[in-house]
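Residue-level listing of the chains:
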Amino acid sequence: MPILWLILLVLALGLIGFVLGRSRALSNAGGDIRQLHSLPSYYGSNVLLATLIPGLAVLLLWLIAQPMVIHGQISSMIPESAYTDAGSLNLVMSDVKRVAEGLDIAVQEGALSVEQARDIRTEFTDIRARLGEVGVALGSNVEAYVLKAAQRYRVMNAVGHWIMTGAVLAAALAGFAYALMRTNKDYRARNQVEKVLLGLLIGAASLAVLTTVGIVLSLIFNTIEFFKLYPAMDFFFGTTWSPSFGGGSELGILPLFWGTFYVSLIALVVAVPIGLFAAVYLSEYAGPKVRAIAKPLLEVLAGIPTIVYGLFALLTVGPLLMNVFGEDGGLGWMQGGRSVMTAGLVMGVMLIPFVSSLSDDIINAVPQAMRDGSLGLGATKSETVKQVVLPAALPGIVGAILLAASRAIGETMIVVLGAGAAARLSMNPFEAMTTVTTRIVSQLTGDADFASAEALVAFALGMTLFVITLGLNILALVIVRKYREQYD
Amino acid sequence: MNDMRIVKRDVDMNDTKISAKGVQVFYGDTHAIKDVDVEIKDKTVTAFIGPSGCGKSTFLRCLNRMNDTIDICRVEGNILLDGEDIYDKRVDPVQLRAKVGMVFQRPNPFPKSIYDNIAYGPRIHGLAKNKADLDEIVEKALRRGAIWDEVKDRLDAPGTGLSGGQQQRLCIARAVATEPEVLLMDEPCSALDPIATLQVEELIDELRENFSVVIVTHSMQQAARVSQKTAFFHLGNLVEYGDTEQIFTNPQDERTESYITGRIG
């Protein structure tokens, strides 16, 4: 039975449970709703949930567990002579699955009968040709053990599927019967249903946290793998970045880190004053009409994809800077359009709405009573802003700046297009440099062996970046939280 | 009610400090204050009483042009401070507010140290020549605010860490520090407990020696305890204005009598 049908069946069972549970509770109370502990629909929902949850849980667990169990069984059927390590065993196993799928398709198309598919032998039939006829291409001739394994795989899958269907329906029915039996007018169905809802909410919240943990774990294992191949000291303190896929590459993070830091610094120098001034204007001086137009306009900037900013950097800002600081302008500081300054300026523009929108919210959260108090003492508006509103909002603004900084550090596209690809340690902001994020992209998109240090270094870089931005975010949260209630 | 009255001080209270004539206030289309005439005496506590929404706070805010900060608010009529029209174009509202200080309903200390809270006004108006001068001004203001003994050892502590009553006295001290001539108080005790209220009321009576004080209050007992003059507002009109004793014992207007006996409110 296809899984979709199974799900629909369980759902239908649940709906029947809803109707039955509801009417059983009502009849138990003699048709008087006031006799019931909960509203009738809660009794219905209780049976519905008691049917759906065990049924779908069994289904989910089975779907996860069955392939693992079958995989284990089948791989023990492959003779040890056919593979040398875990990697080639996986190759053989994927062959087995291909053949099994091919047999399935052949049966569906009528090229083979069910019995034929079960009993077919490599000794008597050219499997590759027969499967080729139904459109399943196999790379090589099918070995006898592969075919046997594939046939066994099909059988186990089919049997497992039937047992699963039975188990799911049994679990659903058990829950159904149990909940329906317990339904009477004094049963606390409402509390029960709310408990389930609580569980649902907790599940949603923990899923997000678990995903983060999963991301960290996947990074950690590859990072450890990398440090086995390449010494950590050379990675963290090396001043040269020259990966060569032939081997003998130097993978020092410092030039990349310097590039990231330098670009982010320029971006923040641009974004923080402009964003902050914009926020002060919007929240303190602008009238409601100006605010209604200007604020969304400013926030449109935040919706522009960063690749578009990258193009802007490459096509407009770079040449513009060249005209002033390059050979043409007479200064000769700049060799090409791509430089730290180009990327930094454009990234700063990207961060302006980020800083201004967060700061605007924070400034608005400063109670009007503070402003009144200051104005009532004879302070002007700008004195009030400078000496009362901004100091009161400062912790929040610092938090906003740190959040902007962690965005700048993680930014990729603008840097790829604006800053160039040369890893170097230099103080000149008009030279091309590169950052951690862009190197992660280029190390993983090459056709390097995935197990080499040159590819694995991407994970070490990612991990370092993750730790830094996490640190910044935590710092921002701590600062915001520590001072938040000061004026409440 | 009389046994709770604070002992009357003998001060001269004959000069008119603020004189309002035909004041009208509009919030957008709402006519909030209708043709109010009032003469506020120097070195006197004047109480504004009336039911909620009667316009007493709005009128109070006209006296130092705090209503200017509200866009839709429009004020007509004349308000003279020492004979000068405060709504004249030549008058800088910022300068005016330094002369007419204000204390708000809820204590609103700045998130700064106690010292900086008090020093805020003197600093922006350049009242102190040097640090020692400023220290002196701060101490004097805190003493006048009747809070010096409680905070003299922790002037660097944040003002927001004080209790509600202390915060309100700090705010009064902050307003006093700029040496205003008139002190406006908008329900200064509404967020305080009875003991803190009593302390603030005693303070108000002491302030009368140096300032003209105008207080908006919901509590008629408070008006009776601290004020010498009382104005009763109702629905944007000034119904009755006179000596506090006369208003509470022998009101001329029927609405005043209904309000102070609790029949309308």
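About the cut-offs
Residues numbered from 1 in each chain as written. Chains lettered and ligands numbered in written order. Predicted model: local features only at pLDDT ≥ 70, side-chain atom pairs only at ≥ 80, totals over all residues. Heavy atoms only, no water. Axes fitted to C-alpha atoms, helices over the stretch in contact; angles between N-to-C directions. Helix = DSSP H or I, 4+ residues; strand = E, 2+ residues; numbered from the N terminus. Parallel < 35°, antiparallel > 145°, perpendicular 65-115°, else oblique. Left-handed = near helix turned anticlockwise from the far one by under 90°. Contact = heavy atoms within 4.5 Å. Pairing = 2+ DSSP bridges. Domains from an automatic or database assignment. Buried area = accessible area lost by both parts, 1.4 Å probe. Salt bridge = Lys/Arg side-chain N within 4 Å of Asp/Glu carboxyl O. Polar contact = N/O pair within 3.5 Å; in protein donor to acceptor, adjacent residues only side chain to side chain. Nonpolar A, V, L, I, M, F, W, Y, C, P; charged D, E, K, R; others polar. UniProt positions renumbered as here; feature names shortened; annotations may be inferred. Core = buried A, V, L, I, M, F, W, Y, C linked by side-chain atoms within 4.5 Å. Buried < 20%, exposed > 50% of the residue type's maximum accessible area, 1.4 Å probe, protein only. Patch = residues over 30% accessible without salt bridge, like charges linked within 9 Å, V, L, I, M, F, W, Y side chains within 5 Å. Areas by Shrake-Rupley, 256 points an atom, 1.4 Å probe, with all protein chains shown as cover.

All names here are of chain B. Taken N-terminus to C-terminus, the directions of helix H3 (residues 114-125) and helix H6 (residues 164-177) make an angle of 30°; their axes are 7 Å apart at the nearest point. The pairing of H3 with H6 is recorded here as roughly parallel in orientation. The handedness of the crossing between H3 and H6 comes out as right-handed. Of H6, the residues touching H3 (which contributes Ile 114, Asn 117, Ile 118 and Pro 122) are Leu 170, Ala 173, Arg 174 and Ala 177.

Residues and elements named next belong to chain B. Within the open sheet, the 6 strands sit side by side as S6-S7-S8-S3-S9-S10. Their pairing is mixed. Each edge of the open sheet is held by one strand with a lone partner, namely strand S6 (100-103) and strand S10 (237-243). Pairs of neighbouring strands in the sheet enclose a mean axial angle of 15°, with direction left out of account. With 6 bridges connecting them, strand S9 (residues 229-234) and S10 associate as antiparallel partners. Bridged to Ala 231 within S10 is Tyr 241. Contacts from H6 reach S6 and strand S7 (182-186), with the element oriented near 170° to S6.

Turning our attention to the domain arrangement of chain A. Residue and element names in this part refer to chain A. The domain architecture assigned to chain A consists of domain 1 (3-187), domain 2 (188-229) and domain 3 (236-487). Of note, the centres of domain 2 and domain 3, computed from C-alpha atoms alone, are 30 Å apart. Across the contact, 9 residues belong to domain 2 and 12 residues belong to domain 3. Interface area for domain 2 against domain 3, summed over the two sides, is near 930 Å², with a carbon-plus-sulfur share of 88%. Contact with domain 3 buries surface across domain 2, with Leu 219, Asn 222 and Phe 226 losing the most and accounting together for 53% of the total. For the interface between domain 2 and domain 3, the tally reads 0 salt bridges. At the boundary of domain 2 with domain 3, the tally comes to 1 residue pair in polar contact (both at pLDDT 80 or more). Residue composition of the side of domain 2 that touches domain 3, grouped by class: 6 nonpolar, 2 polar and 1 charged.

This next bit is on the UniProt feature "domain: ABC transporter" (unreviewed entry) in chain B. What UniProt calls "domain: ABC transporter" (unreviewed entry) maps, in this numbering, to residues 18-260 of chain B. When the span residues 18-260 of chain B is considered, its composition is 38% helix and 27% strand, and the gap between its end C-alpha atoms is 26 Å.

Here we come to the nonpolar core. Residues and elements named next belong to chain A. Formed by 58 residues in total, the largest nonpolar core has its most connected members in Phe 226, Phe 235, Met 347, Leu 351 and Leu 461. Elements with a minimum of two residues in this core: helix H7 (189-229), helix H9 (254-285), helix H11 (306-325), helix H12 (340-365), helix H14 (381-410), helix H15 (413-419), helix H16 (436-445) and helix H17 (453-483). In terms of residue count, H17 provides more of this core than any other element does, 11 residues in total. Two domains each donate at least three residues to this core, and these are domain 2 (188-229) and domain 3 (236-487).

In this section: the packing of H9 of chain A against H14 of chain A. All names here are of chain A. One way to put it is that H9 packs onto H14 with a least axis distance of 9 Å and a crossing angle of 145°. Seen along the crossing, H9 lies across H14 with a hand that is right-handed. Across the interface between the two elements, Thr 260, Ser 264, Leu 268, Val 272, Leu 276, Val 280, Glu 284 and Tyr 285 of H9 pack against Lys 381, Ser 382, Val 385, Val 389, Leu 390, Ile 397, Ile 401, Ala 404, Ala 405, Ala 408 and Ile 409 of H14. Residue composition of the contact of H9 with H14, by class: 14 nonpolar, 3 polar and 2 charged.

For H3 of chain B, a buried count of 9 out of 12 residues is recorded, marking the element as mostly surrounded by other parts of the structure. Burial in H3 of chain B covers these residues: Ile 114, Tyr 115, Asn 117, Ile 118, Ala 119, Tyr 120, Gly 121, Pro 122 and Ile 124 of chain B. Packing partners of the buried residues in H3 of chain B comprise helix H13 (368-376) and H14 of chain A together with helix H4 (131-144), helix H5 (148-151) and H6 of chain B. One or two steps after H3 of chain B, the chain reaches Gly 126 of chain B, where phi turns positive at roughly 65°.

Judged by side-chain polarity, Val 209, Val 213, Leu 217, Phe 221 and Ile 224 of chain A come together as a nonpolar surface patch covering roughly 460 Å² of accessible area. With respect to the element layout, Val 209 of chain A can be found in helix H7.

Moving on: the pattern of salt bridges. Residue and element names in this part refer to chain A. Taken as a whole and assessed by the stated rule, the structure comprises 27 salt bridges over all chains. Between Asp 32 and Arg 34 there is a salt bridge, with its nearest N and O atoms 3.9 Å apart. For Lys 295, the salt bridge is made with Asp 361, and the minimal N-O distance between the two is 3.7 Å. Of this pair, Lys 295 sits in helix H10 (residues 288-303) while Asp 361 sits in helix H12; the two residues are 66 residues apart in sequence, bridging distant segments of the chain. Look at Asp 361 and you get partly exposed, because its relative accessible area is 43%. Each of the salt bridges in this network shares a partner with another, and the network as a whole consists of Arg 291, Lys 295, Glu 299, Asp 360 and Asp 361.

Before going further, it helps to examine the sheet that holds strand S4 (residues 73-81) of chain B. The strands that make up a sheet pair up through hydrogen bonds in the backbone, lying either parallel or antiparallel. Residue and element names in this part refer to chain B. Spatially, the 4 strands line up as an open sheet ordered S2-S1-S4-S5, and their pairing is antiparallel. Among the strands making up the open sheet, the edge pair consists of strand S2 (30-41) and strand S5 (84-85). Across 2 bridges, the pairing between S4 and S5 is antiparallel. Bridge pairing in S5 places Leu 81 opposite Glu 84.

If you look at the interface, chain A gives 20 residues, while chain B gives 23 residues. For the pair chain A and chain B, the summed buried surface comes to about 1700 Å²; carbon and sulfur atoms form 63% of the total. Applying the counting criterion to the chain A and chain B interface returns 4 residue pairs in polar contact (both at pLDDT 80 or more). At the level of secondary structure, the elements contributing two or more residues to the side of chain A that touches chain B comprise H13 and H14 of chain A. Ranked by residues supplied to the side of chain A that touches chain B, first place goes to H13 of chain A with 7 residues. For the side of chain A that touches chain B, the residue count by class is 10 nonpolar, 8 polar and 2 charged.

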